[in-house]
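# Analysis of the macromolecular model
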Amino acid sequence: MKFSDFISREAIRANLRAEDKEGVIREMTQALLEAGRIATDEYESIVKAILKREELGSTGIGRGVAVPHTKHPSVDRLVGTVAVSDSGVDFHSLDGEKVELLFLLISPPDRPGDHLRALENISRQLRDDTFCRFLKQAKTAVDVTTLLDEADGNQVGS
Amino acid sequence: MEVSTYRRVVTIVNPNGLHARPADQMVKVASQYKCRIEICKGHERVDGRSIISLLTLAAEQGTELVIEAEGEDAQSAVEALAELIAHQFHEAHEE
């Protein structure tokens, strides 16, 4: 699964304004709403579900990255976005580091495979230090999409 | 000095597979031990203490993995991880 299969380009935010966990989750979900990927009346329900999932255990997976996510019945396919925080956000990550790069994923309830493959793609790319670093340094959404497209292009098969 | 290596074949049973939360739990368990721990899927071999590496396996329900540990507490480590996986990472409600 490539980034282009699940990342909504119009919802990419290269300079998050919020500085706390709930704030960035709201901001990223708002971005998806503005991009037309989620419904207005589902916004609050989705945010609450993502926050609830965080309570079960931080999605800060290390290396300054977090993957907040939820299943939600209002989407019929995996919907995602990516955002960068210049100041870093405390996500209570296992490694104690602040999070500067976030991938938010909303998946349909009955397709765990899609979510897993998105995580696979994200984690595989993150093993590349350069990719990780450049993404965190991205200043605009175009910077981000350029990096994601390059990563997609470098994939062998899918 | 002989160093013991222990291996166990396990199957991922929970419906959502090895996603972020189970990977996180595996790392928490693995970090309690001193031995080298690696998780293998087919030809892939990853560090059992790295969440990001575990996620690259994209292990769905039904996937067979091999837990391999080498060192003084290898046997306990393998057993603890195998138990965690067999108990579906204690996922009572599917997220």
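The preceding data block contains the structure.
Here's a quick rundown of the structure.

Quick notes on the rules
- Residues numbered from 1 in each chain as written.
- Chains lettered and ligands numbered in written order.
- Predicted model: local features only at pLDDT ≥ 70, side-chain atom pairs only at ≥ 80, totals over all residues.
- Heavy atoms only, no water.
- Contact = heavy atoms within 4.5 Å.
- Buried area = accessible area lost by both parts, 1.4 Å probe.
- Helix = DSSP H or I, 4+ residues; strand = E, 2+ residues; numbered from the N terminus.
- Nonpolar A, V, L, I, M, F, W, Y, C, P; charged D, E, K, R; others polar.
- Expected span 1.5 Å × (residues − 1).
- Buried < 20%, exposed > 50% of the residue type's maximum accessible area, 1.4 Å probe, protein only.
- Arc of directions from axis to C-beta.
- Phe/Tyr/Trp six-rings, centres within 6.5 Å; stacked < 30°, edge-to-face > 60°.
- Disulfide = S-S within 2.5 Å.
- Pairing = 2+ DSSP bridges.
- Axes fitted to C-alpha atoms, helices over the stretch in contact; angles between N-to-C directions.
- 1 Å grid on protein atoms, 1.4 Å probe; cavity = no way out; pocket = protein on both sides within 12 Å on 5 of 7 lines; lining within 4 Å.
- Points joined across faces, edges and corners; volume = space filled by probe spheres on them.

Further remarks concern the interface of chain B and chain A. Tallying the contact residues gives 22 residues for chain B and 20 residues for chain A. In total, chain B and chain A occlude about 1800 Å² of area from one another, counting both sides; carbon and sulfur atoms represent 65% of this. Of all the elements in the fold, those that place two or more residues in the side of chain B that touches chain A are helix 1 (20-30), strand 3 (44-47) and helix 2 (51-55) of chain B. If one sorts the elements of the side of chain B that touches chain A by residue count, helix 1 of chain B sits on top with five residues. Here the residues of the side of chain B that touches chain A are counted per class, giving 10 nonpolar, five polar and seven charged.

Turning next to helix 3 (residues 74-86) of chain B. All names here are of chain B. Over its 13 residues, helix 3 runs 18 Å from end to end, which matches the ideal 18 Å to within 8%, given 1.5 Å per residue. When we look at burial in helix 3, the residues that qualify are Ala74, Ala77, Val78, Leu81, Ala82, Leu84 and Ile85. Each buried residue of helix 3 lies within a common arc of 160 degrees when the element is viewed along its axis, so the set occupies one face. On the buried face of helix 3, the contacting elements are strand 1 (5-11), helix 1, strand 2 (36-41) and strand 4 (64-70). One or two steps after helix 3, the chain reaches Gln88, where phi turns positive at roughly 55 degrees.

Residue and element names in this part refer to chain A. Evaluated as defined, the whole model comprises three aromatic pairs over all chains. With a centroid separation of 5.9 Å and 45 degrees between ring planes, the pair formed by Phe3 and Phe6 is classed as tilted. Separated by three residues within a single helix, Phe3 and Phe6 lie in helix 1 (residues 3-6), roughly one turn from each other. Residue classification places Phe3 among the buried positions, given a relative accessible area of 1%.

Before going further, it helps to examine the state of the cysteines. All names here are of chain B. Applying the stated criterion across every chain, the model contains zero disulfides over all chains. Cysteine Cys35 is unpaired, with the sulfur of Cys40 as its nearest cysteine sulfur at 13 Å. Classification of Cys35 as buried rests on a relative accessible area of 2%.

All names here are of chain A. Within the fold, Ser8 resides in the loop between helix 1 and helix 2 (21-34). The class for Ser8 is buried, based on a relative accessible area of 2%. Apart from residues no more than four positions distant in its own chain, Ser8 is found in contact with Leu32, Arg37, Val79, Gly80 and Thr81.

As a further point, take the sheet that holds strand 2 of chain B. Residue and element names in this part refer to chain B. The strand order 1-4-2-3 describes an open sheet built from four strands, whose pairing is antiparallel. Each edge of the open sheet carries a strand with a single partner, namely strand 1 and strand 3. The sheet shows a mean angle of 25 degrees between the axes of neighbouring strands, direction not considered. With four bridges connecting them, strand 2 and strand 3 associate as antiparallel partners. The residue bridging Cys40 from the neighbouring strand is Arg45, located in strand 3.

Residue and element names in this part refer to chain A. As enumerated under the stated definition, the model contains one cavity of 30 Å³ or more in all. Counted as a void, the largest cavity has a volume near 50 Å³. If you trace the largest cavity, you find it lined by Phe3, Ser4, Ile7, Arg9, Ile12, Thr145, Leu148, Asp149 and Asp152. Secondary structure elements with two or more residues in the lining of the largest cavity: helix 1 and helix 6 (141-153).

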